[in-house]
Structure formats: C-alpha cells, structure tokens
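Structural overview
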Amino acid sequence: MIPTRVDPNFQPRAVSVLLLAIGLMTIPLPASAHGSLAAGDFYTGLLQPVFHLDALLPLVALALWSTQLDESEAWRVPAVFIGAALVGGAAAILGFKVQAAAWAPQTAMLVLGLLVATSLSPPKIIILALAVTGGLAHGYAGLVNEQGTIQRPILYLLGACAGVGLLCFHLESLVLRFRTFWMRISVRVAGSWIAAIGLLISVLEFSRAARGHG
Amino acid sequence: MGWHARHAAQQLSMLVVLITPAIAAAHVTGESVGGGFLTGFTHPLRGPDHVLAMLAVGMWGAQLGAPAIWVLPVAFPMVMALGGVLGILRLSLPAVEFGVALSVVMLGGAIATDRRPPLPVAAILVGFFAVFHGYAHGAELPGQTAAVAYCAGFVIATGLIHLTGIGIGFVTRAPRGAEILRAGGGAISLAGIYLVWQLLPK
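Below you will find a few notes about this structure.

Criteria and thresholds
Residues numbered from 1 in each chain as written. Chains lettered and ligands numbered in written order. Predicted model: local features only at pLDDT ≥ 70, side-chain atom pairs only at ≥ 80, totals over all residues. Heavy atoms only, no water. Helix = DSSP H or I, 4+ residues; strand = E, 2+ residues; numbered from the N terminus. Contact = heavy atoms within 4.5 Å. Areas by Shrake-Rupley, 256 points an atom, 1.4 Å probe, with all protein chains shown as cover. Buried < 20%, exposed > 50% of the residue type's maximum accessible area, 1.4 Å probe, protein only. Expected span 1.5 Å × (residues − 1). Core = buried A, V, L, I, M, F, W, Y, C linked by side-chain atoms within 4.5 Å. Arc of directions from axis to C-beta. 1 Å grid on protein atoms, 1.4 Å probe; cavity = no way out; pocket = protein on both sides within 12 Å on 5 of 7 lines; lining within 4 Å. Points joined across faces, edges and corners; volume = space filled by probe spheres on them. Nonpolar A, V, L, I, M, F, W, Y, C, P; charged D, E, K, R; others polar. Axes fitted to C-alpha atoms, helices over the stretch in contact; angles between N-to-C directions. Parallel < 35°, antiparallel > 145°, perpendicular 65-115°, else oblique. Salt bridge = Lys/Arg side-chain N within 4 Å of Asp/Glu carboxyl O. Polar contact = N/O pair within 3.5 Å; in protein donor to acceptor, adjacent residues only side chain to side chain.

**Comments concerning the overall build of chain A**
A tally of helices and strands in chain A yields 10 helices and 0 strands. N-terminal to C-terminal, the α/β element order of chain A is α-α-α-α-α-α-α-α-α-α. Put simply, of all contacts in chain A between residues at least 6 apart along the chain, 86% involve residues at least 24 apart. Carbon and sulfur atoms form 69% of the exposed surface of chain A, whose accessible area is close to 10400 Å².

**Overview of the overall build of chain B**
Within chain B, the regular secondary structure consists of 8 helices and 0 strands. Helices (α) and strands (β) of chain B occur, in sequence order from the N terminus, as α-α-α-α-α-α-α-α. Burial statistics for chain B: of 202 residues in total, 47% are counted as buried. Across chain B, every contact between residues at least 6 apart in sequence was considered, and the portion connecting residues at least 24 apart equals 87%. For chain B, the accessible surface area stands at approximately 9400 Å², while carbon and sulfur atoms represent 71% of it.

**What to know about helix H6 (residues 76-93) of chain A**
Its 18 residues place the ends of H6(A) 26 Å apart at the C-alpha level, agreeing with the 26 Å of an ideal helix rising 1.5 Å per residue. Once H6(A) ends, the next one or two residues include Gly95(A), with phi positive near 95°.

**A word on the nonpolar core**
Counting residues in each nonpolar core, the largest one holds 88 residues, and the members touching the most others are Trp65(A), Ile197(A), Trp60(B) and Leu141(B). It is helix H10 (residues 181-213) of chain A that contributes the most residues to this core, 12 residues altogether. In contact with Leu141(B), not counting residues within four places along its chain, are Leu200(A), Leu204(A), Arg208(A), Ile88(B), Ala147(B), Tyr150(B) and Cys151(B). Within the second largest apolar cluster, 5 residues are counted, among which are Leu93(B), Val96(B), Val100(B) and Phe132(B).

**Observations regarding the side chain of Ser103(B)**
All names here are of chain B. Here Ser103 shows up in helix H5 (residues 96-112). A relative accessible area of 0% means that Ser103 is categorised as buried. Not counting residues up to four positions away in its chain, the partners in contact with Ser103 are Ala53, Gly108, Phe129 and His133.

**Some points on helix H2 (residues 33-45) of chain B**
All names here are of chain B. Here H2 is 13 residues long and its end C-alpha atoms lie 19 Å apart, about the 18 Å a rise of 1.5 Å per residue gives. Within the span of H2, buried status applies to Gly36, Gly40, His43 and Pro44. Each buried residue of H2 sits inside an arc of 85° when the element is viewed along its axis, so together they form one side. Along H2, the residues that are exposed and aim more than 90 degrees away from the buried face are Gly34 and Leu38. As for H2, its buried residues are in contact with helix H3 (48-64), helix H6 (119-138) and helix H7 (147-169).

**A look at empty space enclosed by the protein**
Residues and elements named next belong to chain A. Following the criterion strictly, the structure yields 1 cavity of 30 Å³ or more and no others. Residue lining of the largest cavity: Gln48, Ala85, His138, Gly139, Gly142, Leu143, Leu157, Ala160, Cys161 and Val164, and that is the complete set. Of all the secondary structure elements, the ones that give two or more residues to the lining of the largest cavity are helix H8 (124-146) and helix H9 (153-177). Partitioned by chemical class, the residues of the lining of the largest cavity number 6 nonpolar, 4 polar and no charged.

**A closer look at the packing of helix H4 (residues 53-68) of chain A against H7(B)**
At their nearest, the axes of H4(A) and H7(B) sit 9 Å apart, and the two run at 50° to each other. As the angle between them shows, H4(A) and H7(B) are arranged oblique. The residues of H7(B) that touch H4(A), namely those facing Leu53(A), Asp54(A) and Leu57(A), are Val148(B), Ala149(B) and Ala152(B). Broken down by class, the residue content of the contact of H4(A) with H7(B) amounts to 5 nonpolar, no polar and 1 charged.

**A look at the pattern of salt bridges**
Residue and element names in this part refer to chain A. Applying the stated criterion across every chain, the model contains 4 salt bridges over all chains. Lys124 serves as the salt-bridge partner of Glu73, at 3.8 Å between the closest nitrogen and oxygen. Linking Glu73 in helix H5 (residues 71-74) with Lys124 in helix H8, this pair joins segments that are 51 residues apart in sequence. Taking the relative accessible area as the measure of exposure, Glu73 reaches 7% and is therefore buried. Between Glu205 and Arg208 there is a salt bridge, with its nearest N and O atoms 3.9 Å apart. Residue Glu205 and its partner Arg208 are located together in helix H10, separated by 3 residues, close to a single helical turn. Members of the salt-bridge network, linked through shared partners, are Glu73, Arg76 and Lys124.

**A few points about the environment of Ala61(A)**
Structurally, Ala61(A) can be placed in helix H4. Separated by 130 residues in the primary sequence, Ala61(A) and Gly191(A) place their C-alpha atoms 6.3 Å from one another.

**As for the environment of Thr133(A)**
All names here are of chain A. Mapped onto the elements, Thr133 comes out in helix H8. For the pair Thr133 and Ala84, spaced 49 residues apart in sequence, the C-alpha to C-alpha distance is 7.5 Å. A polar contact is formed between the side chain of Thr133 and the backbone oxygen of Ala129, at a distance of 2.6 Å.

Right, here's the structure in full:
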C-alpha cells in the first residue's frame, strides 16, 4: 500500500491564520489600487506572477524544486532567490543593461523544470548559484518589463519580492504537508510540464530572433 | 477524505477565494493570456486522435504498473516538446497525421493484448509517437501571440488526459477489471484503425 505519512510538525491552525492574513492583504482597496497612493506599485509588483505566466511558471518550478531538496535548503533557496531578485531589480532601476535577461524566464522554466522532473539534487554550490542567477534575472527582468507603467520602481520591486515569497511559502507548505509517494510524482510531473513549456518557448524565441536578424 | 487532506483543501479554497477579487479588480494589459491558454488547452481536445492516444498512454501505464505508471507521465511532456520543437522550426516530419492515427492503433493494441515490454521499450514506443503529437501542437505555436499561455494550455491538457487514462486504468482493481481495460484498449485500437483508413488515399 502507498504510505500516507503526514508531517506531524505542521501547525494547521497557525498556517490557516497566516494564510488568512496574507490572503486579506491581497484584497484590493478600490481607492488605493491606482493613482496617487504609493501602495499601487507595491500591489502591482505583488501580482506580477498572477498576470505574467512567464514569471509564474519559473517561480512554481523554484518552489517545487525547493521541496525536493534537503530540509535546510527548502526555505533557504527561495530566500536567496528573493535576495538576489532585490539586487537584480536594483540594477534595473540604476539603469544597467543586460540583454541576456530577456531569455531568463524560458531558461529558468527549462532548467528548473528539468531539475524538478528528474528530482535532481545538485551540490550545494550549484544550488546556490542557480538561486542567485535566477533571482538576479527575475528581479531585473520584472523591472525592465514594467518600466513604462510604474511610478515607484522600488515599491514595485518590494511587492514583486513579497509576491515571490508568498507564492513559494504557500506552494511549499502545501507540498511538504503531504510527503507521500504520489505527491512526489505529482511534483515531478508538474516539473516536466514546466520544462516542456520552457523548451518550446526558448526555441520559439530563438527562431523569431533568428528570423528577425536574417 | 482524511482530516489533513480536508484541511489542505480548505486552505487552498480559501486562498483561491481571497485572490479572486484581486485578479478581477486589477487591470490586465497586453496580449490575451486567457485566450491563448484556452486555445492551447482545447487544441488536443479538438482531435479525437489526440485524445484517444493520450488516454491510451495513461491506460497502458496503469496496466504496466509501477514504475511505468509514473515514468510515462513524467517523460511524455518533454519528449512531446521535442516534437513541438520540430514543428516550431518547420522541420519536415513526414505523415504527421498518419503517425498520430497510428499511435492510437498501436497503443490501443498494446492495451488490448496486454503487452508488457520492458520499461525502456515502452518508453521508446510512447516517445516515438509523442514526437508526432508534439509536432502537431508546436506547428501552431509561431502563430500565437500568447505563446506561453498556449504552451501551458496544451501541455496541461495533454497531462490531464494522461491522468484521466491512468484513472480509467485503475479499473483493473475491480472484479474483471483487467478484461474491461483490455476491451477498452481494443475499442481504442479499432477507432485508430478507422482514423488510419480515413487518411488513406481513396
């Protein structure tokens, strides 16, 4: 029979309260969602994964990958990612130009998706390098893509990083709650889906760029 | 449903309910993500050859048991994506529709005859046909404005059809379930023969 061991250390009530609090923070206040209040750009950043599938999928892959690593890395990886995203976003605000960042989302989908699908756990230095690189690219690309629409990029960046944190926290909590055989398989299947999407988009963008230069 | 499963379901439901007004209230700019996702999601569903073949992959995996039951759903999307790459690059793959129809015949036949080859052989067979399916989806990708959403749509739809096939495959746990599953495979194979016959030059 398939084992159904549930992590006994989880505090369901505490998680519910935290989830409710975080969920309440996402309810839009009509007067403050746009216009003069500074919270508008923070909110826009918070919702970046919701409206950008190319931002959401790498983050989902990141969260799923983190659940496959050692317990010490499970929460460290998203934390390092968020720290690097802050740095990447700051670089965008300061005007640094990095052309390669345009390839970041699909590359992240492919690499992280493959890692999840194969359930690979590379050496810690590689894990750290991937988290830092991914975070830098995510933070940079997020700011660059929204530069024309936001007034306060620092607030947008903080909101985007908070969004990453919320998404990773919720998804990892859900996956780690059920440490069963079928949850592990479901995670790997999701990783293969994301890797497939990343491969297709990478090739599509490459072919479009080649036709544009041809 | 156990207590923990119910609690997790409640948490997930609460998250979805709370996030929904945020999605509804914020503005959406740019390309139509929802439209692209829907187009991609319905693409495999519009072709009975795709649906039958994907169901057969799931059913055959369930019939073969572990580890095929989970190896195939993990490996299939990525191999399908390789076929999609060929379609995006407009590389020539002969007789794509015939390959898709043939996959229905072969996979249905494997279920009907309860063929249990070694896992590598099963994976190669499924992978071979996955390329044809992926090519058919990938060839439409360059014309999509919401490419990521389109990809997500057809990859997820394909995966869900697999899971449905696996679910159907669990009929083997019922009395005479194995025979029922083989009969289902036979029906799929017959449908595939009809599809192949439709493609033959008259």
